[in-house]
Structures are given as structure tokens and as C-alpha cells.
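# Residue-level structural notes
So the chains spell out like this:
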Amino acid sequence: VRRAEVVLASVNRQLDLINQTEAAWNAAAAQLALGEPPALKALKERKALLEQQRATLQSQINAIRALPDAEADLEKAQAELDAIERALRTATPPSTTQDPGHAEALRNLTAQREMRVQQRDQNAQEVETLRSGIQQALATPLPDATDRTTPIIEQLLSILEGAPKPEQPKTK
């Protein structure tokens, strides 16, 4: 998780730089009547890649962090189901008692059992889904944390710095 967080921090930092550069470019490009140089296209492509990497990394980190809680929920659901099943096994069969309340209690307990089975199965599915996602994440190499954004930004900034400035209106 720690390495993924380091890569995620690098991705976020690069995205912040891209957003700042885009804002500067957009503000200046309108005044300077600049077109769309290849560096701007490269910056947009880099941004799209980094946003995809960020979404993937954040999802993987969230899955790793969610697994202990999901496993605890599964254990709790199984314990609750086990308790209900013990109560059902030890309950007096309805045929041996004349108490209508006893039969109703057994019906309620049986309904609770069915509900707990569904809850346990949902929790088991969630745990399995998280484990599968984590296994896939562990098998996939982390994105390169190298800053490949700064050179593109530097190209754009050099274009802005070298662009002729619009003429200022003359004051009398």
C-alpha cells in the first residue's frame, strides 16, 4: 500500500501542475492568439493517462483498506447465523407443544435464519470481490512514478515566454 500511495502522490502532484499550466495557458493563449502546439496536445494526453492511473490506484488502495472491515462483517454475520442455527436446533419442535406463541417464535427464528444466510452470502461475496481485486492489483506493476509531466510543461511555458506580447493601448 505504501508504494502505491507514493505513486499516487506523484500522480496527484503532476495533475496539480498540469491544472496550473492549463490555467496559465488558457489565460495567455486567448490574449496572444496562440494555436494548439504539439506540447499542449501532449499535456492533454498526459493528463488523461494520469487521471486513469489515479482512479486505478485509489480504487486499489481503497480495496486493500476495506478488506479487514469486510472480513469482520463476514465473521459477524456468520456468528449471528451460527447463533440462530443453534437456537433452532435446541428449540422444542412445534408438534410437542400446544403453545401458539412457540410456533410463531420458531417461524420468526426461521425467517431470521434466512435473512442472516443472505447477509452472510452478501458479505462473503464482498470479501471475495475485494480479495480478487487485490490479487489483480498485486499482480499488476505500479505505474512509473517518474515525473514525465514537467518537460511538457516546460515546453509550453517556453512557448508562452517567447510569444510576442499584444500591444498595449497608447494613453494620451
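These notes cover the structure that comes with them.

Calculation rules
Residues numbered from 1 in each chain as written. Predicted model: local features only at pLDDT ≥ 70, side-chain atom pairs only at ≥ 80, totals over all residues. Heavy atoms only, no water. Helix = DSSP H or I, 4+ residues; strand = E, 2+ residues; numbered from the N terminus. Contact = heavy atoms within 4.5 Å. Axes fitted to C-alpha atoms, helices over the stretch in contact; angles between N-to-C directions. Left-handed = near helix turned anticlockwise from the far one by under 90°. Nonpolar A, V, L, I, M, F, W, Y, C, P; charged D, E, K, R; others polar. Salt bridge = Lys/Arg side-chain N within 4 Å of Asp/Glu carboxyl O. Core = buried A, V, L, I, M, F, W, Y, C linked by side-chain atoms within 4.5 Å. Buried < 20%, exposed > 50% of the residue type's maximum accessible area, 1.4 Å probe, protein only.

## Points about the side chain of Thr21
With respect to the helices and strands, the residue Thr21 is situated in helix 1 (residues 2-32). Look past the residues within four positions of Thr21 in its chain and what remains in contact with it is Leu43, Ile153 and Leu156.

## Observations regarding the packing of helix 2 (residues 38-90) against helix 4 (residues 150-162)
In the contact formed by helix 2 and helix 4, the axes pass within 9 Å of each other and the chain directions differ by 145°. Seen from above, helix 2 lies across helix 4 with left-handed handedness. Each of Ala39, Leu40, Ala42, Leu43 and Arg46 in helix 2 lies in contact with helix 4, whose residues at this interface are Ile152, Ile153, Gln155 and Leu156. Partitioning the contact of helix 2 with helix 4 into residue classes produces seven nonpolar, one polar and one charged.

## Quick word on the pattern of salt bridges
Pairing of side chains with opposite charge becomes possible as their charged atoms draw close. Taken as a whole, this structure holds 13 salt bridges when the rule is applied. Among the ionic pairs, Glu104 bridges to Arg107, the shortest N-O distance being 2.6 Å. Separated by three residues within a single helix, Glu104 and Arg107 lie in helix 3 (residues 100-139), roughly one turn from each other. Salt bridges sharing common partners tie together Arg2, Glu5 and Arg65.

## Looking at the nonpolar core
Counting 20 residues, the largest nonpolar core has Val11, Trp25, Leu43, Leu57 and Leu156 as the members making the most contacts within it. Counting only elements with at least two residues in this core, the list comes to helix 1, helix 2 and helix 4. In terms of residue count, the dominant contributor to this core is helix 1 (10 residues). In terms of nonpolar packing, the next biggest core, distinct from the first, is built from six residues, Leu67, Ala70, Val127 and Leu130 among them.

## Digging into the environment of Asn123
Mapped onto the fold, Asn123 is located in helix 3. Accessibility expressed as a relative area gives 7% for Asn123, which makes it buried. For the pair Asn123 and Ala77, spaced 46 residues apart in the sequence, the C-alpha separation amounts to 7.7 Å. Ignoring any residue separated from it by four or fewer positions in sequence, one finds Asn123 in contact with Asp73, Leu74 and Ala77.

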